[in-house]
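A structural walkthrough
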Amino acid sequence: MDCFPDIRLRRMRQTAAMRRMLAAPFPGPERFMWPVFVVAGNGVCEPIDAMPGQFRYSVDHLLEALKPVVALGIGGVLIFGLAEDDRKDANGSYAFNSKGPVQAAVRAVRKAFPELLVFTDVCLCAYTLHGHCGPLDEQGDVSNDMADALLSKVALSHAEAGAHGVAPSAMMDGQVAAIREALDDEGFSNTILMSYSTKFASAMYGPFREAEKSSPQSGDRKGYQAAYGDLSTALRESDMDEAEGADILMVKPSLFYLDVLSKLRERTDLPIAAYNVSGEYAMLIATADRGWGDLHEMVRESIVALDRAGADIIISYWANQYSQFAEA
Ligand code: PBG
Ligand code: ZN
């Protein structure tokens, strides 16, 4: 008889010791990747308004900021670069400049912290004048195949700088195959390819776009990022990237997409990363600031949700504050 009063589920919840005994462990620091924003120059450590606790760093400050993070045992970083306005052009060519901030940061971080995984975001939107993730054709649409060629150059420049892995986020068709081929042709067959495979056109990227100064100047990204109402196509995006040779798949955002994460978990044996995006980060901070929720508890609950839904890798701005949330 499977029902009350013979079964009383509360029996097992009465002591903290029993609850703890049955709970999956809080994800360890080695499963986290910290997204960081890097600018050119020296001496820059600029707070990002919409993302309290996060900064735009020049390489020297990034190394300082990483010391405690590496000491905590955080698994890796995901590096984003910013370009000054006068560096931006129609093709985003500063993104593959070997002297750019990402390339410089990769070289410096690899040298300073040999045990830390160094991944880079591969996109053009922070480097194009129009703010789209690829170049525009005569009609003003993002040209998919031209974007693939440019993204391949960006990935190659990051691999040459020493990145362990590259993470294309532009949502162009064929970008994974194009980048894999470019890397292999140049002898970078060991560079890991983590695809932003199921990335939705989401309203949760606002704080990031402020941090990166990468908002589209006109239009939006709905023509290339996945539609959140269309689950089957969203999953096919990941299937296709797996077929094109991705080593790691990703669901982004993550907290509004736990169903997608768990469905993808059933479909693939590849590692899956969940990108706990800027809007999800800012949302919890804003709630806590108003006194409407306890930050420590909300962060822990959200991280456990990502683990439970099937994420292997947690890409999160909480990573640099991990020690504050690790303990119950
Ligand atoms: C750019 C990119 C975005 C994010 C990661 N890479 C923004 C976008 O697609 O507009 C969002 C990350 C976040 O919100 O934390 N290709
Ligand atoms: Zn982009």
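As a further point, take the overall build of the protein. A tally of helices and strands in the protein yields 11 helices and 11 strands. Taken against the 2.2 N^0.38 rule, which gives 20 Å for 328 residues, the C-alpha radius of gyration of the protein at 20 Å falls within 12% of a compact globule. Projected onto its principal axes, the C-alpha positions of the protein cover 70 × 45 × 40 Å. For the protein, with 328 residues in total, the buried portion stands at 52%. Expressed as a percentage of contacts within the protein between residues at least 6 apart in sequence, the contacts between residues at least 24 apart total 74%. Only carbon and sulfur atoms are counted for the fraction: they give 52% of the accessible area of the protein, which is about 15,100 Å². Here the protein holds 30 positive side-chain charges and 45 negative ones, and the gap between their average locations is 7 Å.

Near ligand 1 there are 18 residues, and of these K199, R209, K252, S278 and Y317 occur at the shortest range. Within the side chain of K252, a nitrogen or oxygen atom sits 3.4 Å from a nitrogen atom of ligand 1. Between ligand 1 and Y317, the relevant distance is 2.6 Å, taken from an oxygen atom to a side-chain nitrogen or oxygen of the residue. Burial of ligand 1 by the protein amounts to 100% of the accessible area it has alone, namely 410 Å².

The next point concerns the coordination of the zinc ion (ligand 2). In this structure, C123 (SG), C125 (SG) and C133 (SG) serve as the protein donors to the zinc ion (ligand 2), at separations of 2.2 to 2.3 Å. Coordination geometry of the zinc ion (ligand 2): the 4 donor atoms subtend angles of 97 to 120° at the metal centre, consistent with an arrangement described as tetrahedral.

This model, assessed by the stated rule, comprises 7 salt bridges. Note that D184 is salt-bridged to R180, the shortest N-O span being 3.1 Å. With D184 and R180 both in helix α5 (residues 175-185) and 4 residues apart, the pair spans about one turn of that helix. On the basis of relative accessible area, D184 is assigned to the partly exposed category, the value being 37%. Note that R267 is salt-bridged to D239, the shortest N-O span being 2.6 Å. Here R267, found in helix α8 (residues 258-267), pairs with D239, found in helix α7 (residues 231-243); they are 28 residues apart in sequence, far enough to count as distant. Classification of R267 as partly exposed rests on a relative accessible area of 42%. Here the salt bridges share partners, and the residues they tie into one network are R180, D184 and D247.

Our focus in this paragraph is the packing of aromatic side chains. Following the criterion strictly, the structure yields 15 aromatic pairs and no others. With centroids separated by 6.3 Å and ring planes inclined at 70°, the aromatic side chains of W34 and Y57 adopt a geometry described as edge-to-face. Note that W34 is positioned in strand β1 (residues 32-38) and Y57 in strand β3 (residues 55-57), a separation of 23 residues in sequence. W34 gets classed as buried once you look at its relative accessible area, which sits at 1%. A residue is classified by how much of its surface remains accessible, and Y57, at 5% relative accessible area, is buried. Centre to centre, the rings of F55 and Y57 are 5.8 Å apart; their planes meet at 35°, and the pair counts as tilted. Ring-pair connections join several aromatic residues into one group, and the members of that group are F37, F80, Y196, F208, Y275, Y281, Y317, W318 and F325. For K252, the ring lying beneath its charged end belongs to F208, and the centroid distance is 6.0 Å.

A word on the packing of helix α9 (residues 278-289) against helix α10 (residues 295-309). Two elements in contact, α9 and α10, have axes separated by 9 Å at closest approach and are oriented at 155°. Classified by the interaxial angle, the pair formed by α9 and α10 is roughly antiparallel. As for the relative orientation of α9 and α10, their crossing is right-handed in sense. Together, L284, I285, T287 and A288 of α9 and L295, M298, V299 and S302 of α10 make up the contact between the two elements. Grouping the constituent residues of the contact of α9 with α10 by class yields 6 nonpolar, 2 polar and no charged.

A few words now on helix α4 (residues 144-161). The terminal C-alpha atoms of α4, which comprises 18 residues, lie 26 Å apart, in line with the 26 Å expected from a rise of 1.5 Å per residue. Of the positions making up α4, those classed as buried are A147, D148, L150, L151, S152, V154, A155, L156, S157, H158, A159 and A161. Those residues of α4 hidden inside the fold are in contact with α3 (101-112), β5 (117-122), β6 (165-168) and α5. Directly beyond the C-terminal end of α4, a positive phi value near 115° is found at G162.

Rules behind the numbers
- Residues numbered from 1 in each chain as written.
- Chains lettered and ligands numbered in written order.
- Predicted model: local features only at pLDDT ≥ 70, side-chain atom pairs only at ≥ 80, totals over all residues.
- Heavy atoms only, no water.
- Helix = DSSP H or I, 4+ residues; strand = E, 2+ residues; numbered from the N terminus.
- Rg over C-alpha atoms; globule rule 2.2 N^0.38 Å.
- Buried < 20%, exposed > 50% of the residue type's maximum accessible area, 1.4 Å probe, protein only.
- Contact = heavy atoms within 4.5 Å.
- Areas by Shrake-Rupley, 256 points an atom, 1.4 Å probe, with all protein chains shown as cover.
- Lys, Arg positive; Asp, Glu negative; His and termini not counted.
- Charge placed at Lys NZ, Arg CZ, Asp CG, Glu CD.
- Near = heavy atom within 4 Å.
- Polar contact = N/O pair within 3.5 Å; in protein donor to acceptor, adjacent residues only side chain to side chain.
- Donors = N, O, S within 2.8 Å, 3.2 Å for Na, K, Ca; no water.
- Tetrahedral: all angles 85-135°; square planar, octahedral: opposite > 155°, others 65-115°.
- Salt bridge = Lys/Arg side-chain N within 4 Å of Asp/Glu carboxyl O.
- Phe/Tyr/Trp six-rings, centres within 6.5 Å; stacked < 30°, edge-to-face > 60°.
- Lys NZ or Arg CZ within 6 Å of the ring centre and 35° of its normal.
- Axes fitted to C-alpha atoms, helices over the stretch in contact; angles between N-to-C directions.
- Parallel < 35°, antiparallel > 145°, perpendicular 65-115°, else oblique.
- Left-handed = near helix turned anticlockwise from the far one by under 90°.
- Nonpolar A, V, L, I, M, F, W, Y, C, P; charged D, E, K, R; others polar.
- Expected span 1.5 Å × (residues − 1).

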